Amino acid sequence: MNQKLTIALVAHDHRKADMIEWAVYNAEFLSHHHLVCTGTTGSLVKSALEEAGYCPDIECMNSGPMGGDAEIAALVVRNEIDLAVFLIDDLNPQPHEADIQMLLRQCRVHNTPIACNLASADLMISSRLLGSESYHPKEQQYVDFTRC
Ligand SMILES: O=C(CO)COP(=O)(O)O
């Protein structure tokens, strides 16, 4: 793939080990793309990729509870995210649940691919459609809410 994608990586605390293992396993692929992460996820992924010998192009937002999910949701609204991997802790409540739901909702509204588990992330990054110039996902129709 020639196209440089912008990929969001976000993981809750109990899922960070999974995210780091996944990122290191996919380091070669990720090293060709721009990564946008919530604060703590980003610093851990950056260190792990550097330790693995890569020099990742990685941008860290605020930590999730401090608005990082909201910042990434804003990028989704502007169609600046090509793919998101969001490993959610479904077994523990989060103080910023509203922001989490906002990020998920904006990905649905804007038809942004979002993987919320490792199997989905694996399938998405190995899709022949990812970054293909001939693939144009059909825009979702919200006729009453179009932008002027
Ligand atoms: O809380 C998060 C996502 O909702 C993740 O935030 P951190 O990466 O800063 O831990």
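Predicted, not measured: the structure shown is a model, and the values here were computed from it.

Visitor: How should I be thinking about the overall build of the chain in this particular structure?
Guide: In terms of regular secondary structure, the chain is built from six helices and five strands. Ordering the α and β elements of the chain from the N terminus gives β-α-α-β-α-β-α-β-α-β-α. Taking 2.2 N^0.38 as the reference for a compact globule, 148 residues should give roughly 15 Å; the C-alpha atoms of the chain span a radius of gyration of 15 Å, in line with that estimate. Viewed in the frame of its principal axes, the chain has a C-alpha envelope of about 50 × 40 × 25 Å. In the chain, 70% of the contacts between residues at least 6 apart in sequence involve partners at least 24 apart.

Visitor: Please clarify how the site of the ligand should be interpreted in this entry.
Guide: Neighbouring the ligand are Val 10, His 12, Thr 38, Gly 39, Thr 40, Thr 41, Ser 63, Gly 64, Pro 65, Gly 68, Asp 69 and Ile 100. For the shell around the ligand, the secondary structure elements donating two or more residues are α3 (39-51) and α4 (68-77). A per-element tally of the shell around the ligand places α3 first, with three residues. For the shell around the ligand, the class distribution of residues is three nonpolar, eight polar and one charged.

Visitor: Would you explain the packing of α4 against helix α5 (residues 97-109) in this entry?
Guide: A pair of packed helices can be characterised by two numbers: the angle between their axes and the separation between those axes. Between α4 and α5, the shortest axis-to-axis distance is 9 Å and the interhelical angle comes to 15°. Here α4 is positioned roughly parallel relative to α5, judged by the angle of their axes. By crossing handedness, the relation of α4 to α5 is classed as left-handed. In this structure, α4 contributes Asp 69, Ala 70, Ile 72, Ala 73, Val 76 and Val 77 to the contact, and α5 contributes Asp 99, Ile 100, Met 102, Leu 103, Gln 106 and Cys 107. Per-class residue counts for the contact of α4 with α5 are nine nonpolar, one polar and two charged.

Visitor: I tried to follow the environment of Asn 111 on my own but got confused; where do I start?
Guide: Examined against the element boundaries, Asn 111 turns out to sit in the loop between α5 and β5 (114-115). Each C-alpha atom, one on Asn 111 and one on Tyr 54, is 31 Å from the other, the two residues being 57 residues apart in sequence. Setting aside its immediate chain neighbours within four residues, Asn 111 contacts Pro 137, Glu 139 and Gln 140.

Visitor: Could you clarify how one ought to interpret α5 in this entry?
Guide: With 13 residues, α5 extends 18 Å between its outermost C-alpha atoms, agreeing within 8% with the 18 Å of an ideal straight helix rising 1.5 Å per residue. Turning to α5, its buried residues number three or more, namely Asp 99, Ile 100, Leu 103, Gln 106 and Cys 107. What you see down the axis of α5 is that its buried residues fit within an arc of 135°, all on one side. Among the exposed residues of α5, those pointing more than 90 degrees away from its buried face are Glu 97, Ala 98, Gln 101, Arg 105 and Arg 108. Close packing links the buried residues of α5 with α4, β4 (83-87) and β5.

Visitor: Honestly, the sheet that holds strand β3 (residues 57-60) in this entry has me stumped. Any pointers?
Guide: With parallel pairing, the five strands of this open sheet are ordered in space as β3-β2-β1-β4-β5. The open sheet has two free edges, formed respectively by β3 and β5, since each of these has just one partner strand. Here four bridges tie strand β1 (residues 6-11) to strand β2 (residues 34-37), and the two strands are oriented parallel to one another. Bridging from a neighbouring strand, Ala 8 pairs with Val 36 of β2.

Cut-off values and rules
Residues numbered from 1 in each chain as written. Predicted model: local features only at pLDDT ≥ 70, side-chain atom pairs only at ≥ 80, totals over all residues. Helix = DSSP H or I, 4+ residues; strand = E, 2+ residues; numbered from the N terminus. Rg over C-alpha atoms; globule rule 2.2 N^0.38 Å. Contact = placed C-beta atoms within 7 Å. Near = placed C-beta within 6 Å. Nonpolar A, V, L, I, M, F, W, Y, C, P; charged D, E, K, R; others polar. Axes fitted to C-alpha atoms, helices over the stretch in contact; angles between N-to-C directions. Parallel < 35°, antiparallel > 145°, perpendicular 65-115°, else oblique. Left-handed = near helix turned anticlockwise from the far one by under 90°. Expected span 1.5 Å × (residues − 1). Buried ≥ 20, exposed ≤ 12 C-beta atoms within 10 Å, placed from the backbone. Arc of directions from axis to C-beta. Pairing = 2+ DSSP bridges.

The values are spatial; any link to function lies outside them.
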